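Here are the chains, one letter per residue:
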Amino acid sequence: MAKEGYNPYENMLSVLDQAAAKLGLKRSEYETLRYPERELTVSIPIKMDNGELRVFEGYRVQHNSSRGPYKGGIRYHQDSNLDEVKALSAWMSFKCAVVNIPYGGAKGGIKVDPRELSRDELIRLTRRYTTRILPIIGPDQDIPAPDVNTNGEVMGWIMDTYSMFKGHSVPGVVTGKPIELGGSIGRTEATGRGVTIITYQCLKKAGLNPDGQAYAIQGMGNVGGTAARIFYETGKKIVAVGDWSGGVYKEDGLNILEISAYLSDRSHCLKDYRAEGVSYLTNDELLTCKCDVLIPAALENQITADNAERIRAKIIIEAANGPTTVEADEILNRRGIMVVPDILANAGGVVVSYFEWVQNIQSMAWDLDEVNKRLEKIMLKGYDEVERMAEKGGSMRMGAYMVAINRIVTAGKLRGGPISMA
Ligand code: GLU
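Definitions and cut-offs
- Once a new chain begins, its residue numbering starts again from 1 and follows that chain's sequence as written.
- For a predicted model such as this one, the threshold for reporting local features is a pLDDT of at least 70, and the threshold for listing and counting side-chain atom pairs is 80 or more; totals across whole chains, interfaces and linings nevertheless cover every residue.
- Excluded from the side-chain calculation are hydrogens and water; included are all heavy atoms of the structure.
- Whether a residue is buried, partly exposed or exposed follows from its accessible area with a 1.4 Å probe, protein chains only, as a fraction of its type maximum: under 20%, in between, or over 50%, in that order.
- Numbering of helices and strands starts at the N terminus; helices are DSSP runs of H or I of at least 4 residues and strands are runs of E of at least 2.
- Crossover handedness is defined by viewing with both strands directed away from the observer: a clockwise path from the first strand over the helix to the second marks the crossover as right-handed.
- The definition of a nonpolar core used throughout is a set of buried Ala, Val, Leu, Ile, Met, Phe, Trp, Tyr and Cys residues joined through side-chain atoms within 4.5 Å.
- Any two residues having at least one pair of non-hydrogen atoms within 4.5 Å are treated as being in contact.
- Any two strands are treated as partners once DSSP identifies two or more bridges connecting them.
- Between N-to-C directions, angles cover 0 to 180 degrees, with each direction set by a line fitted to C-alpha atoms, over the stretch in contact for helices.
- We call Phe, Tyr and Trp rings a pair once their centres come within 6.5 Å, taking the six-membered ring for Trp, and we label the pair stacked below 30 degrees between planes, edge-to-face above 60, and tilted otherwise.
- One heavy atom suffices: a residue is near a molecule or strand as soon as one of its heavy atoms comes within 4 Å of it.
- Think of a polar contact as two N or O atoms within 3.5 Å of one another; within protein, one of them needs to be a possible hydrogen donor and the other a possible acceptor, and neighboring residues in sequence only count if both atoms come from side chains.
- The accessible surface values rely on the Shrake-Rupley method and a 1.4 Å probe; as for residues, cover is taken only from the protein chains in view.
- When residues are grouped by polarity, Ala, Val, Leu, Ile, Met, Phe, Trp, Tyr, Cys and Pro land in nonpolar, Asp, Glu, Lys and Arg in charged, and all others, Gly among them, in polar.
- A helix is expected to span 1.5 Å for every residue after the first.
- In this scheme, the bend at a residue equals the angle between the axes fitted to the seven residues that finish there and the seven that begin there.
- Geometric relationships in this document are graded by angle, where less than 35 degrees denotes roughly parallel, more than 145 denotes roughly antiparallel, 65 to 115 denotes roughly perpendicular, and other angles denote oblique.
- Note on convention: near helix rotated counterclockwise from far helix by under a right angle means a left-handed crossing. Clockwise means right-handed.
- The residues that make up patches have over 30% relative accessible area and no salt bridge, and they are joined within 9 Å when like-charged or within 5 Å when they are Val, Leu, Ile, Met, Phe, Trp or Tyr.
- Salt bridge criterion: a side-chain nitrogen from Lys or Arg within 4 Å of a carboxyl oxygen from Asp or Glu.
- Here, the term disulfide refers to a pair of cysteine sulfur atoms separated by no more than 2.5 Å.

A large share of strand β7 (residues 237-243) lies buried, amounting to six of its seven residues. Remark: the strand β6 (residues 214-218)/helix α7 (residues 222-233)/β7 crossover connection has right-handed handedness.

Counting 83 residues, the largest nonpolar core has W91, F94, V241, I259, I317 and I405 as the members making the most contacts within it. In terms of residue count, helix α14 (residues 396-414) provides more of this core than any other element does, ten residues in total. The residues touching I405, leaving out its near neighbours within four places in the chain, are L16, A19, A20, L23, L25, L33 and F94. In this structure, I46, F56, I74 and I158 belong to the second largest nonpolar core, which totals 26 residues.

A separate point is the pairing of strand β3 (residues 70-77). Most of β3 sits inside the fold, with eight of its eight residues counted as buried. One ladder, built from five bridges, connects β3 with strand β5 (residues 142-146); its direction is parallel. Bridge pairing links Y70 to D142 in β5. The β-α-β motif built from β3, the intervening helix α3 (residues 82-98) and the parallel element strand β4 (residues 105-111) has right-handed crossover chirality.

Turning our eyes to something else, we now look at the sheet that holds β3. Reading across from one edge, β1-β2-β4-β3-β5 is the order of the five strands in this open sheet, with mixed pairing throughout. Each edge of the open sheet is held by one strand with a lone partner, namely β1 (38-47) and β5. In this sheet, neighbouring strand axes are inclined to one another by 25° on average, regardless of whether the strands run parallel or antiparallel.

If you trace the seven strands from one edge of the open sheet to the other, you get β9-β8-β7-β6-β10-β11-β12, paired in mixed fashion. Strand pairing shows two members of the sheet lacking a second neighbour, β9 (279-281) and β12 (338-340), which therefore form its edges. This sheet shows a mean twist of 20° between the axes of neighbouring strands, independent of strand direction. Bridge count between β6 and strand β10 (residues 293-296): four bridges; the pairing is parallel.

Our focus in this paragraph is the packing of aromatic side chains. Inspection of every chain in the model, using the stated rule, returns nine aromatic pairs. Here F94 and Y401 contribute two aromatic rings whose centre-to-centre distance is 5.2 Å and whose plane-to-plane angle is 55°, an arrangement assigned as tilted. Of the two residues, F94 is situated in helix α3 and Y401 in helix α14; the sequence distance between them amounts to 307 residues. Assessed through its relative accessible area of 0%, F94 is described here as buried. Overall, the relative accessible area of 2% leaves Y401 in the buried class. Relative to Y354, the ring of Y103 lies with its centre 5.9 Å away and its plane at 90°, an arrangement referred to as edge-to-face. With Y103 in the loop between α3 and β4 and Y354 in helix α12 (residues 348-362), this pair connects stretches of sequence that are 251 residues apart. With a relative accessible area of 0%, Y103 lands in the buried category. By the ring-pair criterion, three or more aromatic residues cluster together here, those being Y103, Y354, F355, W357 and W366.

The environment of the ligand is made up of 14 residues, and the closest members are K71, K95, P146, D147 and S353. Side-chain polar atom of K95 to an oxygen atom of the ligand: 2.6 Å apart, as the coordinates give it. Contact distances for the ligand include 3.0 Å between an oxygen atom and a side-chain N or O atom of R187. The fraction of the free accessible surface of the ligand (290 Å²) that becomes covered by protein chains is 95%. Counting residues per element, the ones that place at least two in the shell around the ligand are β3, α3, β5 and α12. In terms of residue class, the shell around the ligand is built from four nonpolar, five polar and five charged.

Let's shift gears to helix α6 (residues 187-205). Over its 19 residues, α6 extends 27 Å from the first C-alpha to the last, a length consistent with the 27 Å expected when each residue adds 1.5 Å. Bending of α6 peaks at approximately 25° at the position of R193. Phi turns positive, to about 75°, at G207, one or two residues after α6.

Here the focus is the packing of α6 against α7. Relative placement of two packed helices is described by the angle separating their axes and the distance separating the axes. Close contact between α6 and α7 brings their axes to 8 Å; oriented N to C, the two are set at 55°. In terms of their interaxial angle, α6 and α7 are classed as oblique. Crossing geometry of α6 relative to α7 is assigned as right-handed. Residue-level inspection shows T188, E189, T191, G192, R193, V195, T196, T199 and Y200 of α6 in contact with α7, the latter providing N222, V223, T226, A227, I230 and F231.

A few words on a nonpolar patch on the surface. Together, I179, I185 and L368 line one region of the surface with nonpolar side chains, adding up to about 240 Å² of accessible area. By secondary structure assignment, the location of I185 is in the loop between α5 (152-166) and α6.

Quick look at α7 now. The end-to-end C-alpha distance of α7 is 16 Å, a good match for the 16 Å that twelve residues give at a rise of 1.5 Å each. For α7, the complete set of buried residues consists of V223, G224, G225, T226, A227, A228, I230 and F231. Close packing links the buried residues of α7 with α6, β6, β7, α8 (256-263) and β10. G235, located one to two residues past α7, shows a positive phi value of around 80°.

This paragraph deals with the state of the cysteines. Applying the stated criterion across every chain, the model contains zero disulfides. Cysteine C291 remains unbridged, with the sulfur of C289 as its closest cysteine sulfur at 4.2 Å. In this structure C291 comes out as buried when scored by relative accessible area, which is 5%.

With that out of the way, let us pick up the pattern of salt bridges. Counting across every chain of the model gives 29 salt bridges. Across the pair D83 and K86 runs a salt bridge, and its minimum N-O distance is 4.0 Å. Remark: K86 and D83 occur in helix α3; sequence separation between them is three residues, near one turn of the helix. For D83, a relative accessible area of 30% corresponds to the partly exposed category. The exposure class assigned to K86 is buried, which follows from its relative accessible area of 14%. The partner of D211 in a salt bridge is K236, and the shortest N-O contact between them spans 2.9 Å. Of this pair, D211 sits in the loop between α6 and β6 while K236 is found in the loop between α7 and β7, placing the two residues 25 residues apart along the sequence.

As structure tokens, then:
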């Protein structure tokens, strides 16, 4: 879905510059945030099942560590590239700062379409990638987690490879692990659950009843799929959902449990889903369909200058990272469409990653109720702080970036700042 002329890192820089200006920061006070602290590109040679050698390209980018160890997921995607991973790493720094958890930001990626690889090939790819980034990760250094097309199982392989090289078991090197390996209950659902918490809060503040809204969700992966299920199970009407093949629409509400069950067979996709009263939508039709709440939960660069004028939702909750371009943001703002930005709306995943890390350090396991209560408290506090700052910043996005930049810059200053090391 990469588009000509779109560069996610340039997009990030432009929002960063705007927010820093609104905070009245001089360029020298936040210049370091314009550059990742460390960028690593690796080659990953693996033997394919047919005996041939293939070399994949992978990345790990560490954006900022002023507030704590680097933190962020690893994605497997055919369009992944260094600029994307750089942008995603910066968004992690801002995300952790918005919800005030003690981490910096990082991200990793491998340019690969995992659907084309067998499970054994994926294991070999993950293990070799882990050895390549091993010198720069660790439970006090940089802690990976799942992202697009990776999951708990992949984290288990990373943890095992890291532990083999260290000579002892190091569960805290990754979060989002299977529960049997020290993962946290509630982590898999946490990003989607956080999205629903933020959606309800946003509707409440706008004086709207969540039960009376029509929801459209782009993406039925871990985040979009979980959010859809939670909405559906609490009686909300989801009129449209989409995946890479397109979407489906039903004005009086889709049966999400049936759709989730259909998609649990990984060879299935939405364009082949059939049910009474359900019609097929292209991706463009999904984003511009008649709904009240639109939730992009797929990839970056989806809401653009091409479709922003045609979007009919009143509220957009960014469950994906970077779904809206700077140009689209201006259009939505002018049209009075409320956008809750990614770095707040999808922070639930990394918040429960933090809980997992804390539980690992203490060798403790919390129960689901405790995890979900603490998650809700942190998400709502983040929402309030962003909303207050948005009064100065003019939008929730500006509010979120201003809260984040302020925290990171303050931490940097309290450590003496880069200049004092000269
Ligand atoms: N990949 C998730 C994100 O984009 C979670 C990262 C983490 O838990 O470290 O926020």
